[in-house]
Amino acid sequence: MKAVLLTGIRQFALKEIQTPAIVNDTDVLIRVKMVGVCGSDIHYYTTGRIGNQVIKYPFIVGHEVAGIIENVGKGVIGVEPDQRVAIDPTVYCGRCDQCLKGRENTCRNLKFLGTPNQLGGALCEYIILPETSCYPIRDAMTLEQAVLTEPLAVAVYAVERAHLPKNASIGILGVGPIGMSVFHVLQTKKIGNVYVTDKIQQRLDFARQLNPRWVGNPEHINIVAEINKLEPLQLDVVFECSGDPEAIAQAIKLLKPGGFLVLIGIPEVDDICLPIHELRRREITIINVRRQVHCTQKAIDLLEQRRVNMDTMVTHHLPLEKTADAFELVANYRDGVMKAMIVID
Ligand SMILES: [Zn+2]
Ligand SMILES: [Zn+2]
């Protein structure tokens, strides 16, 4: 089969490699049709690592996938060949303390699609995953929407973890695909004012589609002063979706006493200093979000029921052969890119 291998920093090679085969009875062979380019893939592309997850080349990235089931193992009961599926890229053991507590996202033996030392990714024609990762979708759902269920599931999970009070005043710092997904999920809830920041003007314009009370660019204005003017009692919850240490500092200054800081963005640095007395005196709760757990079907339902419509978020489609172009586009935020999809035919 054809596969796009990451062979170095900012280097891809299109190669012919062996098509994977079903080994375990619970395995499913999936023909990959579409792969979304995610911010975490870009971290691997530009720096070769996320924290201590370091790539050994060559490696296949990509974890936002939709496809068609090609074949199933003997023990598979929930899905069958020719079904179109959305994918939960989490492969968990089901036996460790974390799995037994329903925390499969922090499974001690976690294997996540397209993650170094865990599982090769989806930028190829076929992948093998256990049945538990496969979610059949209705005919009305497009493959694009199926791919978007992955980032949307992260947003559903983040909003669940935030324990929003009624009419919460909310900040979203960073409105790339994850920040926008959070915004979409919030719109299905009873919330108060939403304040949005991003360093990229086009992203702020994009976020305006969802009617935030205010948008601002921290490169040009003091966003903390501006938001505090409009919301003197400050914000109940801030979703930090950029990974930028400056944004984390801003988030802390935006929160009211007892507020919740939800960290979703992936920082490029390993350590970040936090103003401990600010956090302590105002009892700010920091909630970390590790991808998602049990939210894939919820994300599918939101899209199928049209309670969330993210169709305009997909700005680019490129063939597998042009994967490098797609990654450069996303890495450099060029051409108004929000979500780029690799299409495999
Ligand atoms: Zn992702
Ligand atoms: Zn486990």
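Per chain, the residues get numbers from 1 upward, laid out in the order the sequence is written. To read the labels, note that chains go from A and ligands from 1, taken in the order they are written. Only residues with pLDDT of at least 70 get local features here, since the model is predicted, and only at 80 or more are side-chain atom pairs given and counted; chain-wide, interface and lining totals rely on the full set of residues. Side-chain measures here rest on the full set of heavy atoms in the structure, leaving out hydrogens and waters.

(A) Representation of the pattern of salt bridges. What counts as a salt bridge is simple: a side-chain nitrogen of Lys or Arg found within 4 Å of a carboxyl oxygen of Asp or Glu. If you walk through the whole model with that rule in mind, you get 17 salt bridges. The salt bridge partner of K256 is D236, with a shortest N-O separation of 3.0 Å. Of the two residues, K256 sits in strand β16 (residues 255-263) while D236 sits in strand β15 (residues 235-240), which places them 20 residues apart along the sequence. Relative accessibility thresholds used throughout: buried, under 20% of the residue-type maximum; exposed, over 50%; partly exposed, between the two (1.4 Å probe, protein chains only). In this structure D236 comes out as buried when scored by relative accessible area, which is 16%. A run of H or I in DSSP counts as a helix once it spans at least four residues, and a run of E counts as a strand once it spans at least two, with each numbered from the N terminus.

(B) Just the packing of aromatic side chains, in detail. The rule is short: rings of Phe, Tyr and Trp, with Trp giving its six-membered ring, pair when the centres are within 6.5 Å, and they are stacked under 30 degrees, edge-to-face over 60, tilted in between. Counting across every chain of the model gives 3 aromatic pairs. Ring centres of F12 and F327 lie 4.9 Å apart, and the angle between their planes is 75°; on these two criteria the pair is classed as edge-to-face. A residue pair is termed long-range when its members are at least 10 positions apart, and F12 in strand β2 (residues 11-16) and F327 in helix α10 (residues 323-331) qualify at 315 residues. Between Y45 and F327, the aromatic rings sit 5.2 Å apart at their centres with planes inclined by 65°, giving edge-to-face as the arrangement.

(C) Representation of the sheet that holds β15 within the structure. One bridge is not enough; two strands pair if DSSP finds at least two bridges between them. Taken together, the 6 strands give an open sheet; going across it, the order is β14-β13-β12-β15-β16-β17, and neighbouring strands pair in parallel fashion. Only two strands of the sheet have a single neighbouring strand rather than two, namely β14 (214-216) and β17 (285-288). Taking the axes of each pair of neighbouring strands and ignoring which way they run, one obtains an average angle of 15° across the sheet. Sheet analysis places strand β12 (residues 170-173) next to strand β13 (residues 194-197), joined by 4 bridges and oriented parallel. Its bridge partner being in β13, L173 is matched across the sheet by T197. Across the sheet, helix α4 (residues 177-186) touches β12, β13 and β15, and the angle it forms with β12 is around 155°. Only the stretch in contact is used when fitting a helix axis, every axis being a line fitted to C-alpha atoms; angles between N-to-C directions are given from 0 to 180 degrees. By definition, residues are in contact when any of their heavy atoms lie within 4.5 Å.

(D) Highlighting the domain arrangement of the protein chain. Parsing the protein chain into structural domains produces domain 1 (2-136 + 310-343) and domain 2 (153-288). One C-alpha centre belongs to domain 1, the other to domain 2, and the line joining them spans 28 Å. In this complex, domain 1 contributes 15 residues to the contact, which on the side of domain 2 involves 16 residues. Buried area is understood as the total, over both parts, of accessible area removed when two parts are fitted together, assessed with a 1.4 Å probe. Summing both sides of the interface, domain 1 and domain 2 together bury roughly 1,300 Å²; the carbon and sulfur share of this comes to 61%. At the boundary of domain 1 with domain 2, the tally comes to 1 salt bridge. R49 is the partner of D270 in a salt bridge, and the nearest nitrogen-oxygen pair spans 3.4 Å. As used in this structure description, the phrase polar contact means that two N or O atoms lie within 3.5 Å; if the pair is within protein, one of them must be able to donate a hydrogen and the other to accept it, and residues adjacent in sequence are counted only when both atoms belong to side chains. At the boundary of domain 1 with domain 2, the tally comes to 5 residue pairs in polar contact (both at pLDDT 80 or more). Domain start and end points were adopted from an automatic or database domain assignment.

(E) Here's a closer look at the coordination of the zinc ion (ligand 2). Donor atoms: N, O and S within 2.8 Å of the metal, or within 3.2 Å for Na, K and Ca. Because water is excluded, sites can look incomplete. Only C93 (SG), C96 (SG), C99 (SG) and C107 (SG) from the protein coordinate the zinc ion (ligand 2), and they sit 2.3 to 2.4 Å from it. Site shape is set this way: if four donors have all angles between 85 and 135 degrees, tetrahedral; if opposite donors are over 155 degrees apart and all others between 65 and 115, square planar for four donors and octahedral for six; otherwise irregular. For the zinc ion (ligand 2), the 4 donor atoms in the first shell make angles of 102 to 119° at the metal, so the coordination geometry reads as tetrahedral. Ordering the donors of the zinc ion (ligand 2) by residue number gives the pattern C-x2-C-x2-C-x7-C.

(F) Local environment of the pairing of β16. Both β15 and β16 contribute to a ladder of 5 bridges, which runs parallel. Across the sheet, residue V238 finds its bridge partner in β16, namely L261. Orient the strands so they point away from the viewer, and a crossover whose first-strand-to-second-strand path over the helix runs clockwise is right-handed. Considered for its hand, the β-α-β crossover made up of β15, helix α7 (residues 245-254) and β16 is right-handed. Taken together, the 4 bridges between β16 and β17 define a ladder with parallel strand orientation. Bridging across to β17, L261 finds its partner in I286. Tracing the backbone out of β16, into helix α8 (residues 276-281) and back to the parallel element β17 gives a crossover that is right-handed.

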